[in-house]
Amino acid sequence: MDVHGTVAEGFEPVRDAFARNFTALGDRGAAVAVYRDGRKVVDLWGGTRDVDGTEPWRRGTAQVVRSATKGVAAAVPLLLHQRGELDLDAPVAEYWPEFKAHGKERVLVRHVLNHKAGLPVLDRPLTPQEALDPLRGPEAVAAQAPVWEPGTDHGYHALTYGWLLDELVRRVTGGRSTGEWIADEIARPLGLDLWLGLPAEEEAAGRTGRVGRLQDPEPSGSGPRLRPKRAVTEAYADPDSLTRRAFAAVTPFPDQNDPAYRAAALPATNGIATADGLARFYTALIGGVDGVTRHPRLFDPATTRRARAEESSGPDRVLVVGTRFGLGYMLHGSASPFLSPGSFGHPGRGGALGFADPEAGVAFGYVTNGFRKTVTADPRAQALVRAVRTSLGADG
């Protein structure tokens, strides 16, 4: 496998781990980028642009990043709060009056971000066509009754998170969508290859590769074969479990290679980014980006503290395993290890990962066209994170 790109001195372990992802873990096409103190220290790509094709992955190839989108989208309400336009402790219904039906008047804005809203499922799943309509998802969650008392427990809002967040943003901004806000306030000023709603000109330019599911590699015999806990397996197998129902809030799930899907803006699932775009975004959250002198860091220190202060922890009612959330971001833990306990970010189901670590001054982005069954801790992304950790140790 030819690996293209560069690494700064001391970060060679990341290049080695990236190459092993292809030879040992079956990656078909992928890229990884790492920034340290605003400067890019890793910029690697390899494999094929399409999971089922032969055209090479090139610098600037973008991919659907699934739930890594959530970490990008979460910046919008936090920045609106930072600007004094959104109260995190206000009831959602204060901004969205129709939402308070069926006992949801007790759902606070922070409950949307920390997965305590009690709304991970829809009693009537949306069709793919309905899911792409920006009105239908919010209407569905507004009509849904909570499945637990809001604020008392947490469970991953796999799909409904996006409709909750987007409608809040629209109500606060006078109709501006999350995708539009990201494009205007974050992506264009910072020069990010990152979109929530792929523009027609980018689709026509062929920026995005085709994604698809990969088979898990055969065990090598050199280490233990990891299996999910029985409770997790049973939860995904049971059609009545919160786990299955949460991921089936759109049934069947849309074709992620459909241009109509990529053009839509679903803040829970369908962001499109390069590895550099994802890493550069997290760099901008915690500090300046090399080469961008007129744009201050996005999060002030108080917002950074809010993003990564633990809001939810323990057994997740949807994912079953123990999870930790701040406001809109997953936090470092056994279910989703990042660089250190101070890291915050978000994985994408099946592979992608983006996060920042303020203490280390590190931002990380990994994207792939080959999705596996993993939800929060893909082995390929984790191998790269461990290599970054090793590089930082060697760096001193």
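Right above here is the structure, for reference.
A quick note: this is a predicted structure, and the numbers were derived from the prediction, not measured.

A look at helix H7 (residues 160-173)
Phase 1: Given a rise of 1.5 Å per residue, 14 residues ought to cover 20 Å, and the 20 Å separating the end C-alpha atoms of H7 matches this to within 8%.
Phase 2: For H7, a buried count of 11 out of 14 residues is recorded, marking the element as mostly surrounded by other parts of the structure.
Phase 3: The set of residues buried in H7 consists of Thr160, Tyr161, Gly162, Trp163, Leu164, Leu165, Asp166, Glu167, Leu168, Val169 and Val172.
Phase 4: Buried residues belonging to H7 abut helix H2 (68-82), helix H3 (92-95), helix H4 (109-114), helix H5 (128-131), helix H6 (136-142) and helix H8 (178-190).
Phase 5: Of the residues trailing H7, Gly174 is marked for its positive phi of about 75°.

Focus on the packing of H2 against helix H13 (residues 275-286)
Phase 1: Contact pair H2 / H13: the axes reach a minimum separation of 11 Å and the direction vectors enclose 35°. As H2 runs across H13, the sense of the crossing is left-handed. For the pair H2 and H13, contact is made by Ala68, Gly71, Val72 and Ala75 and by Leu278, Phe281, Tyr282 and Leu285, respectively.
Phase 2: Looking at side-chain class alone, the contact of H2 with H13 contains seven nonpolar, one polar and no charged residues.

Regarding the pattern of salt bridges
When the charged atoms of two side chains lie near each other, side chains of opposite charge can form a pair.
Phase 1: The full count for this structure, using the stated rule, is 28 salt bridges.
Phase 2: Of the charged contacts in the structure, one is a salt bridge between Asp153 and Arg317, with a shortest N-O distance of 3.8 Å. Taken together, the residues Asp153 in the loop between H6 and H7 and Arg317 in the loop between strand S8 (312-315) and strand S9 (322-325) connect sequence positions 164 residues apart.
Phase 3: Accessibility expressed as a relative area gives 27% for Asp153, which makes it partly exposed.
Phase 4: Judged by relative accessible area, which is 37%, Arg317 ranks as partly exposed.
Phase 5: Taking the shortest distance from any N to any O, the salt bridge between Asp378 and Arg380 comes out at 2.8 Å.
Phase 6: Residue classification places Arg380 among the buried residues on the basis of a relative accessible area of 1%.
Phase 7: Members of the salt-bridge network, linked through shared partners, are Arg83, Arg176, Asp184, Glu185 and Arg188.

Here we look at unusual backbone geometry
Phase 1: In the segment running from Thr251 into Pro252, the intervening peptide bond is cis, with an omega of -10°.
Phase 2: Here Pro252 shows up in the loop between helix H11 (242-247) and helix H12 (259-263).
Phase 3: One non-glycine residue, Asp37, lies in positive phi territory at about 55°.
Phase 4: Checked against the element boundaries, Asp37 lands in the loop between strand S2 (29-36) and strand S3 (39-47).
Phase 5: With a relative accessible area of 63%, Asp37 lands in the exposed category.
Phase 6: The phi dihedral of Arg66 falls on the positive side, at around 50°, and the residue is not glycine.

Things to note about the nonpolar core
The nonpolar side chains of a soluble globular protein tend to be buried, and buried together.
Phase 1: Val32, Trp163, Phe281, Leu285, Phe299, Tyr329 and Phe364 are the most contacted members of the largest nonpolar core, which totals 114 residues.
Phase 2: Per-element accounting of this core gives the leading share, nine residues, to H2.
Phase 3: Beyond its immediate chain neighbours, meaning those up to four positions away, Phe299 contacts Ala75, Leu78, Leu79, Gln82, Ala284, Leu285, Thr304, Ala307, Tyr329 and Phe344.

Focus: the side chain of Ser67
Phase 1: Examined against the element boundaries, Ser67 turns out to sit in the loop between strand S4 (63-64) and H2.
Phase 2: Its relative accessible area of 8% is what places Ser67 among the buried residues.
Phase 3: Once you skip the residues sitting within four places of it in the chain, Ser67 turns out to touch Tyr156, Ala158, Ala268, Thr269, His346, Pro347, Gly348 and Arg349.

Conventions we followed
- Residues numbered from 1 in each chain as written.
- Predicted model: local features only at pLDDT ≥ 70, side-chain atom pairs only at ≥ 80, totals over all residues.
- Heavy atoms only, no water.
- Helix = DSSP H or I, 4+ residues; strand = E, 2+ residues; numbered from the N terminus.
- Expected span 1.5 Å × (residues − 1).
- Buried < 20%, exposed > 50% of the residue type's maximum accessible area, 1.4 Å probe, protein only.
- Contact = heavy atoms within 4.5 Å.
- Axes fitted to C-alpha atoms, helices over the stretch in contact; angles between N-to-C directions.
- Left-handed = near helix turned anticlockwise from the far one by under 90°.
- Nonpolar A, V, L, I, M, F, W, Y, C, P; charged D, E, K, R; others polar.
- Salt bridge = Lys/Arg side-chain N within 4 Å of Asp/Glu carboxyl O.
- Core = buried A, V, L, I, M, F, W, Y, C linked by side-chain atoms within 4.5 Å.

Everything listed here is a matter of geometry and, on its own, says nothing about what the molecule does.
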